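This is what each chain is made of:
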Amino acid sequence: MNPLLFMYLLVAGVAIVFFGGYFFARKNEKTRTCYRRIWGGVAIVTLLCLFFFVPIAMTTDTGINGQYLTNVGNVNLVGVPYGENKVANFFALFHLILFLPSAALAVLFFLLPNRWSSFLQRYVLLPNLLLSIVFLSNLQQAYIGDLVISHKSALVVINVALPFVFAAVDVLEKKKEWAFDKNTIIGAMLAFFVILLAFLPMATFAALVPTDCMFLGRIEYSWRAVDFSIAHRYYVYVGIAYYVTLFFLLNRREKAAMKAILLAVCFGSLSSFFTRYGFEGIFDFTKAQPVRVTRLPIHLCHTALLVMPICIGFEMKRLFYFTYFINVYGAVMAIVFPNNGDKQNIFDPDILLFWYNHWTALLMPLICVALDYFKRPKKKQMAFSLGFFALYFVAIMFANGYLSNFVPGYSPNVIGSGTDYLFLNNDYILDILGEEAKKMLEIKWIIKSNDLTLVYYPLYQAISFVGYVVIAYLMWFVYSLFYRIHDSHAELHDQLVLVRRSHLKWKEKIEMEHTQGTNSSGAPELVFQGFCKRYGNSPKLSADHVDLSIHGGEIFGFLGPNGAGKSTCIKSAIGIQPLTEGTIEVCGHDIENDSVEAKRLIGYVPDHYALYEKLTGREYISYFADIYRVSKEDRDARIQDLVTRFELTNAFDARIETYSHGMKQKIAIMAALVHDPKVWILDEPLTGLDPQSVFQVKQTMIAHAAKGNVVFFSSHIIDVVERLCTRIAIIKEGKIVYEGSMEETLQNHPEGLERFYLNVIGELDGKED
Amino acid sequence: MGKKTDETLLSFKALVSMQLRAFFPYSFQEQKKKALIRLILYLLGVAAITGILYLVLFLLGFLGVFGIGGRLPIPVWNVLFFLFLIVNFFSCLNRVTSSLYFSEDNRVLLSLPLSPQRVFLSKLIVLFIQELVRSCFTFLPLLVSIGIAYNMPVYYFFWQLITIPLLSLLPLALSAVISIPTFYIKRFLKRYPLIQSLIVLAILIAGTVGIFVLTSFIPEDLALASKWPNIYFPAITSFTQQVNTVLLPFAYLTAMCTGYLGTVQTGIGDIVPLFSMTSLIPFGVVVTLIVGGLGLSSQLAKRVYSNLSVSSFEHDVVKVKEKKSERPLPSFVSFLKKELFVEFRSTQALTGNYLLFIVTPLATLLLNVVFNSMKKSFTGQLFTLLFNGLIIALIAMATSVSMASVYSREGNSSYLLHSSPMTLRRALLSKLFLRALLMTASLALTIAVYANNCTLDYVPMATVFFSLYFMYLGHLLWSAELDYMHPKIGLYRDGGKSAFNPNEAVSTVLAFLFAFIFAGLMFFFAYESIATGFYRLLAFSAFFFLARLFFFLMRIKGYRSLPQEGGRL
């Protein structure tokens, strides 16, 4: 039978079988899901079989019929199906590059439908797979090197047909979904591109970069990615860049999309691994020992490649944490001390394979935790990983001893002549540490049993184990550090989002006010609207829905017991504490969103004066005048007036550190008044002042309010409040429990403000004189 | 009477424990775990210092730096003891004077119903305990490492249980007496800050001249290995011998502690039994000095302590000349002016914060004169580059460790940064401007000094300057960010100094880390390619600085108001 006909018949057969069953299964949601899962599972198995049993002939260095696309330094790199026809050969390679990710994604999206899959199945995967069907012969040539009927060619065809029918079904089911938003399109295309890179055949660069490239120069063997050279480092950067892109692509995405993409990346690594590895090469049934024991995929980083897709697919946490602690560390060691040969340049497929696989082993576990696909590990999970590693270590140790006997040319006295899984049977690692370290290998145990000679290096292997365990344990601390860094950045991001939202809300409000003509900016007033303040994670609000409006001309007294929330309100009003909820406006300017303008209109006298004591009084006030941009004429006039009023003429040019308490308090008051603020806020201003100074301050407050400004102050001295204030409010446990004019208050409560206040805060309950 | 004595004793005990609590805040009864952890950390610290000292002694002996035979000659011990004691004495004198006469808690302590003499004694007891703890990190490791290195008998180590307290008490007793004239000198200098400034300036100039003189002694061709046996070793031995003729009392002090007496007359050193007259006589002298010093100071305290200790809170009433009104300045300039006045009007703050700016170029000069006197291969030249980068970066970043408390140190005044009508970003960055400006000058001078002593061209030197500057700025911003995000205002609330600020500790660790990374990268990039290495270093440093600037600005934006310090400002 004609091989091409066979292939198309096979495609048709697969489609008929699938659609036949689907026609019946789709009627019921449960059966449809079950049907998808079964076929999806079958497709994954066949895909894996394709990777395992059908290495891509075009990218092996065995060539196809002795023909090669590129030859670099006398090493043949890319086998070719079309002889001298370079255009056809490049088309075959290009076809391969598109086919593999399309097939994998079509299968994965069939099992894990998501927003991206709808777009990609319709516009990318289906067309690519259709292309693969149309040019099936080209694909077969690239894969197998020839157009023949064999189990391998059948496998290739099935892996074209199944993804194609999956994509077709998805498109038909969502036939009404034609339009996609810009973000979905960009995200989906980027995802496809990322997966395309993951499935890149390893000989791609060797095929695409000719030996005499006018841009890069001749690709010589000097471009080797060894010994932390520049080329080596570029590989590290590229890997990090790839996974960082993957992180930002998948961060906060739906889980199905995350799972599908992560699995696709893992499959990409497996595809290249088994292509270059030559899984079928393990078995050589023509020889007496059928298993090529040096080729078993049981190195530490091999286990990562095999275990990661299982962990991600089946969400196996315990197994995942083994890779997280052990494989990551192993991959780091491999990357820092790569075991590349001397004659491989940077585009050599084996070099690319090394990096692809170690990027996966190192970065895939990290990204799974970063994306929150797997939670951050707990200590007991680390302990389990170490236990599992111990078992693995012992198994490998014994495997080395046993399997070495089957290596042709093995000699127990020649180090490195046997198998060397986990580098336990060789001096590769010790070579890095120096000649003295190599002496550890002189201590060995040789056990003879039947025809087998088992050789172990107890000292070296014990120290290796301890070293692995200690470093894996230290990984815990490294991870903790990175978690902290991540958490602080995540918190910052969330905070910035909150700030932006608050700012946008404020802008909308201002625009609305402008439109309605209700903008009151400029008139002296201080308005608290639904103001709430919570400190840290405290369950209690220190200010609980405070609503106050103080207008120009008022002297407003703010009373309350210690810890009631007075200072909280004041400090939030002047902008040194963030608000939890609500707003505070100063002359129409929001203290959070229009803080500079709001603060320009405030004068603040703190409860504990805070002065730069090395400055003189004059220098201190001038500094404030400069900050508030007071003109020379105004500041001279005001300073003169205030200095005279507060009787500081003699001390004004002395350093503040020489002042008494009262003098320091007066300087603080002067600093708050030098710019003639529309809103003057004082927190316990009379504490510690002599009677004369108290009188001076009171007079100043009256004068300032008389000019139409707001004077807002808190005090414990009830008598002063009673005589001075036009309005008062009483706060208790964060809530305003009373608000009213002084006149009204005294009218309604002839017993006096003190008793009234004590009644309100509950101090007088049952404690009458 | 007995009851009154008991009450007085109880009051005295309470006074001492109250002061000790400030020094060691964890009570064994209440916070066992914390106290235990602190104790274990102390012990580990002592062990670590002992190990390091032992290693140093071993290496000095092994290399035969001061003598053949694999051991340090005893005259060298005398010099070591002398250095330790002198440094310890002066720092003890400073601490004693500050604690007795300038401490803020005197206001409270002297108001208690206890005689001034008892307050004085309580302070001495607290100071003794502090000195004892310090001696555990200085004399104890020295003596124990000597004991291990020289295979001293077991009773030697038990004998240190006596010598360590004595070595702690001796400077304390002498300082207690000398603190009185020291107080007068300090008060005089406080009254006349110009004289204080002149003295500091004179010391700085002398130091600078001293460095230049020192560099002139360094030969053009160091050739340590070849010239060691015939030139350097005899010179060191001769110097040690000459110094020992002056240090005879310290020789006997060494004998008291170690049982070895080494003088010019005895040569390499006689082994004297630890409890022989040769070592017990100095013991007697030391005890006499201690008792005499404490007794004398106690008697003087009865008469003058009260007056002296409160007079530090008084300010002279001096006639102040009225000044003209100040002309308006732009807010940023006014801000800088305020910073200059606050920083530069305190000589202590000035020297503490800005001395390193002057030290950097001098240290570079000294280092490079030594390096230039060595023959170097290409790798040697790269190592020279590495050490220069490391030292300059370390010193530069040490100057910005104090930025980890730049906002908190304002104490209660820190609210002004947030309540003043300028963008918070501007207010916060302004605080860093002065430092950055001064470092520009310091680094430029340093690089000029380095350039004068190396073969690198102008362009690479310029890239090194900018690389260092960007690293410095990055560390400066990081330190400031630490303080902004984790303010420790409570430690400085009343304008006092903090004993320990965890942010500064983190900043110090970061300084070391960044300095080592910078130096390592400098070496690595230059090793790979001199032509492009410095540009790559510049790119790395610039990226670091820009990243830190970005994150600092984002944090200011995200946490616009003062981040909470325990929930309260």
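Residues numbered from 1 in each chain as written. Chains lettered and ligands numbered in written order. Predicted model: local features only at pLDDT ≥ 70, side-chain atom pairs only at ≥ 80, totals over all residues.

### Looking at the overall build of chain A
Regarding its fold elements, chain A presents 26 helices and 16 strands. In chain A, the proportion of contacts linking residues at least 24 apart, taken out of those at least 6 apart, comes to 71%. (Helix = DSSP H or I, 4+ residues; strand = E, 2+ residues; numbered from the N terminus. Contact = placed C-beta atoms within 7 Å.)

### Focus: the overall build of chain B
Helix and strand counts for chain B stand at 19 helices and 2 strands. Scored against the burial criterion, the 569 residues of chain B give a buried share of 33%. Here the contacts in chain B between residues at least 6 apart in sequence split such that 80% fall between residues at least 24 apart. (Buried ≥ 20, exposed ≤ 12 C-beta atoms within 10 Å, placed from the backbone.)

### Some points on the domain arrangement of chain B
All names here are of chain B. You can read the domains of chain B as domain 1 (23-311) and domain 2 (331-558). Relative to domain 2, the C-alpha centre of domain 1 lies at a distance of 33 Å. Of the residues lining the interface, 15 residues belong to domain 1; the matching set on domain 2 comes to 11 residues. Split into classes, the residues belonging to the side of domain 1 that touches domain 2 amount to 8 nonpolar, 4 polar and 3 charged. (Domains from an automatic or database assignment. Nonpolar A, V, L, I, M, F, W, Y, C, P; charged D, E, K, R; others polar.)

### Quick look at helix 11 (residues 277-311) of chain B
Residue and element names in this part refer to chain B. The sharpest bend along helix 11 measures roughly 65° and falls at Val 304. Listing the buried residues of helix 11 in full gives Ser 279, Pro 282, Val 286, Gly 293, Ser 297, Ala 301, Tyr 305, Leu 308 and Ser 309. Tucked inside the fold, the buried residues of helix 11 contact helix 3 (74-102), helix 4 (106-109), helix 5 (116-137), helix 7 (154-191) and helix 10 (248-258). (Bend = angle between axes of the 7 residues up to and from the residue.)

### Some thoughts on the interface of chain A and chain B
In this complex, chain A contributes 42 residues to the contact, which on the side of chain B involves 41 residues. For the side of chain A that touches chain B, the secondary structure elements donating two or more residues are helix 17 (458-516), helix 19 (595-600), helix 20 (617-627) and helix 21 (632-645) of chain A. For the side of chain A that touches chain B, the element with the most residues is helix 20 of chain A, which contributes 7 residues.

### What about the pairing of strand 9 (residues 555-559) of chain A?
Regular strands place side chains that alternate from one sheet face to the opposite one. The element strand 9 of chain A is largely enclosed, with a buried count of 5 among its 5 residues. Residue alternation in strand 9 of chain A divides its side chains into two sets, Ile555(A), Gly557(A) and Leu559(A) and Phe556(A) and Phe558(A), and both sets are buried.

### Some thoughts on the environment of Lys448(A)
The residue Lys448(A) is located in strand 5 (residues 445-449) in this model. C-alpha separation for the pair Lys448(A) and Gly617(A), spaced 169 residues apart in sequence, amounts to 95 Å.

### Quick notes on the nonpolar core
Counting 137 residues, the largest nonpolar core has Tyr620(A), Val674(A), Val679(A), Ile681(A), Phe712(A), Ala393(B) and Leu468(B) as its most contacted members. Setting aside its immediate chain neighbours within four residues, Tyr620(A) contacts Leu611(A), Tyr612(A), Leu615(A), Ile656(A), Ile667(A) and Ala671(A). By size, the runner-up hydrophobic cluster in this structure holds 122 residues, among which are Leu108(A), Phe109(A), Phe166(A) and Ile367(A). (Core = buried A, V, L, I, M, F, W, Y, C linked by C-beta atoms within 7 Å.)

### A few points about the pairing of strand 10 (residues 581-586) of chain A
Residue and element names in this part refer to chain A. In this sheet, strand 10 lies alongside strand 7 (residues 525-533) in antiparallel orientation, the contact comprising 5 bridges. Each residue of the ladder has a partner; that of Cys 532, found in strand 10, is Glu 581. Of the strand pairs in this sheet, strand 10 and strand 11 (residues 589-590) are connected by 2 bridges, and their pairing is antiparallel. Residue pairing for strand 11: Val 586 is matched across the bridge by His 589. (Pairing = 2+ DSSP bridges.)

### Concerning the sheet that holds strand 15 (residues 727-732) of chain A
Strands in a sheet are paired, the pairing made by backbone hydrogen bonds, and the direction either parallel or antiparallel. Residues and elements named next belong to chain A. Spatially, 6 strands are ordered 12-13-14-9-15-16 in an open sheet, and the strand pairing comes out mixed. Only two strands of the sheet have a single neighbouring strand rather than two, namely strand 12 (602-605) and strand 16 (735-741). Pairwise comparison of adjacent strand axes, ignoring direction, gives a mean angle of 15° for this sheet. Pairing geometry for strand 13 (residues 679-683) and strand 14 (residues 710-714), over 5 bridges, is parallel. Within the sheet, the bridge partner assigned to Trp 680 lies in strand 14 and is Val 711. Contacts from helix 23 (residues 691-706) reach strand 9, strand 13 and strand 14 within the one sheet, and its direction differs from that of strand 14 by about 145°. On the sheet, helix 26 (residues 753-761) packs against strand 9, strand 15 and strand 16 and is oriented at approximately 30° with respect to strand 15. (Axes fitted to C-alpha atoms, helices over the stretch in contact; angles between N-to-C directions.)

### Side note on the sheet that holds strand 7 of chain A
All names here are of chain A. One open sheet accounts for 4 strands, arranged 8-7-10-11; its pairing is antiparallel. Lying at the two open borders of the sheet, with one neighbouring strand each, are strand 8 (543-551) and strand 11. Taken strand by strand, helix 18 (residues 566-573) contacts strand 7, strand 8 and strand 10, and its axis lies near 115° from that of strand 7.

### A word on the packing of helix 6 (residues 139-149) of chain B against helix 7 of chain B
Angle between the axes and distance between the axes: these two values describe a pair of packed helices. Residues and elements named next belong to chain B. For the pair helix 6 and helix 7, the least separation of the axes is 10 Å and the interaxial angle reads 155°. Comparing their axes, helix 7 and helix 6 come out roughly antiparallel. Two packed elements cross with a definite hand, and for helix 6 against helix 7 that hand is right-handed. Here helix 6 contributes Phe 139, Leu 140, Leu 143, Val 144 and Gly 147 to the contact with helix 7, which in turn contributes Tyr 156, Phe 157, Gln 160, Thr 163, Ile 164 and Leu 167. (Parallel < 35°, antiparallel > 145°, perpendicular 65-115°, else oblique. Left-handed = near helix turned anticlockwise from the far one by under 90°.)

### Some points on the packing of helix 3 of chain B against helix 5 of chain B
Residues and elements named next belong to chain B. In contact at an axis separation of 11 Å, helix 3 and helix 5 are set at 145° when each is read in the N-to-C sense. The two elements helix 3 and helix 5 meet at a crossing, and its hand is right-handed. Every residue of helix 5 that contacts helix 3 at Cys 92, Arg 95, Val 96, Ser 99 and Leu 100 is listed here: Phe 120, Lys 123, Leu 127 and Glu 131. Classifying every residue of the contact of helix 3 with helix 5 gives 5 nonpolar, 1 polar and 3 charged.

### Brief notes about the environment of Ile218(B)
Residues and elements named next belong to chain B. The residue Ile 218 is located in the loop between helix 8 (193-217) and helix 9 (224-246) in this model. The class of Ile 218 is exposed, set by 12 C-beta atoms lying within 10 Å. In sequence terms Ile 218 and Val 16 are 202 residues apart; their C-alpha atoms lie 52 Å from each other. Ignoring any residue separated from it by four or fewer positions in sequence, one finds Ile 218 in contact with Val 369, Val 370 and Ser 373.

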